[in-house]
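Listed below are the residues making up each chain.
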Amino acid sequence: MVVTLGTYGAFCNAELTIEINEGTVVDGIPVAVVPFASQGAPVDISAIINADLARSGYFRMMSRGSMPSQPSSASQVQFPQWQGLGQNYMAVGQVGGNGGQYNVQFQLLDVSKGGPMMGYQMASSADDLRRTAHHIADLIFEKLTGKKGAFSGRIAYITSDRKGKESQHKLQVSDTDGFNPQTIAASTQPLMSPSWSPDKRKVAYVSFEKHNAAIYVQTLATGERTRVAEFPGINGAPAWSPDGTKLALTLSKDGSPDIYTLDVGTRALRKITKSFSIDTEPVWSPDGSTIVFTSDRGGKPQLYMTSSQGGGEEQRLTFSGDYNARASFSPDGQNIAMVHGNGGDYRIAVLDVNSKAINVLTSGPSDESPSFAPNGSMILYASKKGRTGFLSAVTLDGKMQQRMVFNSGEVREPAWSP
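Residues numbered from 1 in each chain as written. Predicted model: local features only at pLDDT ≥ 70, side-chain atom pairs only at ≥ 80, totals over all residues. Heavy atoms only, no water.

Explanation requested: the side chain of Arg 412 in the structure shown.
Summarising the element assignment, Arg 412 is placed in strand β32 (residues 410-416). Judged by relative accessible area, Arg 412 falls into the buried class, the value being 14%. A polar atom in the side chain of Arg 412 sits 3.3 Å from the backbone oxygen of Leu 191. There is a polar contact of 2.7 Å between the side chain of Arg 412 and the side chain of Glu 413. Ignoring any residue separated from it by four or fewer positions in sequence, one finds Arg 412 in contact with Tyr 157, Ile 158, Ser 160, His 169, Leu 191, Met 192, Glu 368 and Ala 382. (Helix = DSSP H or I, 4+ residues; strand = E, 2+ residues; numbered from the N terminus. Buried < 20%, exposed > 50% of the residue type's maximum accessible area, 1.4 Å probe, protein only. Polar contact = N/O pair within 3.5 Å; in protein donor to acceptor, adjacent residues only side chain to side chain. Contact = heavy atoms within 4.5 Å.)

What is the right way to look at the nonpolar core in this model?
Soluble globular proteins tend to pack their nonpolar side chains together in the buried interior. Within the largest apolar cluster, 29 residues are counted, with the highest numbers of intra-cluster contacts made by Ile 45, Ile 49, Leu 53, Phe 106, Ile 136 and Ile 140. Those elements that place two or more of their residues in this core are β3 (29-33), α1 (45-55), β5 (59-61), β6 (89-98), β7 (101-110), β8 (115-125) and α3 (129-145). The greatest single-element share of this core, amounting to eight residues, is contributed by α3. Discounting chain neighbours no more than four positions away, the residues touching Phe 106 are Phe 36, Val 92, Gly 93, Met 118, Gly 119, Tyr 120, Met 122, Ile 136, Leu 139 and Ile 140. (Core = buried A, V, L, I, M, F, W, Y, C linked by side-chain atoms within 4.5 Å.)

Looking at this structure, how should I read the sheet that holds strand β16 (residues 235-240)?
Hydrogen bonds between backbone atoms are what pair the strands of a sheet, whose relative direction is either parallel or antiparallel. With respect to topology, four strands assemble into an open sheet ordered β16-β17-β18-β19, the strand pairing being antiparallel. Two strands in the sheet have a free side with no partner beyond their single neighbour: β16 and β19 (269-271). On average, each strand axis in the sheet is tilted by 25° relative to the strand beside it, whichever way the strands run. Inspection of the sheet shows strand β17 (residues 246-251) paired to strand β18 (residues 258-263) by six bridges, in the antiparallel sense. Bridging from a neighbouring strand, Leu 249 pairs with Tyr 260 of β18. (Pairing = 2+ DSSP bridges. Axes fitted to C-alpha atoms, helices over the stretch in contact; angles between N-to-C directions.)

Just to check I follow, could you spell out the pairing of β18 for this structure?
Successive side chains on a regular strand alternate, one facing one side of the sheet and the next facing the other. Within β18, five of the six residues are buried, leaving the element largely enclosed by the surrounding structure. Between the antiparallel neighbours β17 and β18 lie six residues, among them Gly 255 with a positive phi of about 130°. Where β18 lies against β19, three bridges are found, and the strand directions are antiparallel. Directly across from Thr 261, in β19, lies its bridge partner Arg 270. Linking β18 to β19, which pair antiparallel, is a turn of five residues; within it Arg 267 sits at a positive phi near 70°.

Would you mind going over unusual backbone geometry with me for this structure?
Most peptide bonds adopt trans geometry, and most residues besides glycine take a negative phi value. A cis geometry characterises the amide bond from Gly 364 onward to Pro 365, with omega recorded as 5°. The residue Ala 237 is not glycine, and still its phi comes out positive at about 55°. Relative to the elements of secondary structure, Ala 237 occurs in strand β16.

Would you mind showing me how to read the packing of aromatic side chains here?
Counted according to the given criterion, the structure contains eight aromatic pairs. Ring centres of Phe 59 and Phe 141 lie 6.1 Å apart, and the angle between their planes is 85°; this geometry places the pair in the edge-to-face category. One end of the pair, Phe 59, is in strand β5; the other, Phe 141, is in helix α3, with 82 residues separating them in the sequence. Ring plane angle 90° and centroid distance 5.8 Å describe the contact between Phe 141 and Phe 151, whose orientation is recorded as edge-to-face. Placement of Phe 141 in helix α3 and of Phe 151 in the loop between α3 and β9 (154-160) is noted, with a sequence separation of ten residues between them. (Phe/Tyr/Trp six-rings, centres within 6.5 Å; stacked < 30°, edge-to-face > 60°.)

What exactly am I supposed to notice about the pattern of salt bridges here?
Any two side chains of opposite charge can pair, on the condition that their charged atoms come close. Following the criterion strictly, the structure yields 17 salt bridges and no others. One salt bridge in this structure joins Asp 175 and Arg 154, with 3.4 Å as the shortest N-O distance. Placement of the pair is Asp 175 in strand β10 (residues 169-175) and Arg 154 in strand β9, with a sequence separation of 21 residues. Judged by relative accessible area, Asp 175 falls into the buried class, the value being 4%. Classification of Arg 154 by relative accessible area gives buried; the value is 11%. One connected set of salt bridges, linked through shared partners, spans Lys 253, Asp 254, Asp 258 and Lys 271. (Salt bridge = Lys/Arg side-chain N within 4 Å of Asp/Glu carboxyl O.)

Put into structure tokens, the structure is as follows:
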């Protein structure tokens, strides 16, 4: 059976605890996030901002113990003191209010120039303070890098509790730092392949609740879901088109598994590949013109590309390694993250679309399911050590790695929201 939970945000999973292990960024931009002056706020906003920026791989964050003082506004900052400590930028702020409503003020300061670069004031409920902190981190990230931040997004993933035939499988959604996990669907049968719609309002996924694979689309705000594909054989690997009108998916209703597109509104199907081999794991290019998929038509799984309209030439993209699968396009379409395997060792790598060069980012040996952040700066993936499954993230240059460890069970197939 499957249980779908009605309203997004209403159901928290207390069984999930996350610890985040961060790498060290030697050449990052020096930034200090000073503890905000707070009047009884239930969360430490500045700590959340600091953790977000640290995990991005762009910044070298100053520890609280190294700070000479804790000013809450620009007027309180003795800039020469901070300049002498090698800081380029600092964030200061205040959180005021009580009960359910808070007023959050912050300023981003240029230490070398001795003045503010940016300042905002925003109202927040107690329940939304973490989201407010992520939003502030996004604003700081964009101001200092020129790229949009990705901290305010969500991630989806599948968990299983390893109880054999009585295992409970859950589709969950959380903040990008692993906090506030909410169960979207739960089943005693496997759930697989979550995929976000471009507007972030829906998730497509595969469920085996009737002991056969079927693809569902579920609206997060209401819990309403629709079964969109339940053909004989394989129904798998749904992926939304950039305009949100179609799903690319794998079906074997005509024999061998092939790639199809499904119009979500009309349910019209179009067959994209025709092969006696296994074609699976489709993903759309950001402009919607092509689909990259995994196929073993060359003897071993490799990545291929074809027109999203079907009927075009199918071009092989990868030639290095025994195994290349599970593609994920960067938002600018210039890179493809994938699982790159040699001799049973599976790592996350990035393929440069133009040069076809492959850059291996992780150490393996059991890394899978890469998913690009919406700003293209990081790749989220699943990994395993012994019987422990966890989520990890790596920057595009491989310099910064982190992992979010689950206290029990297994976690897999992460997907970063657009």
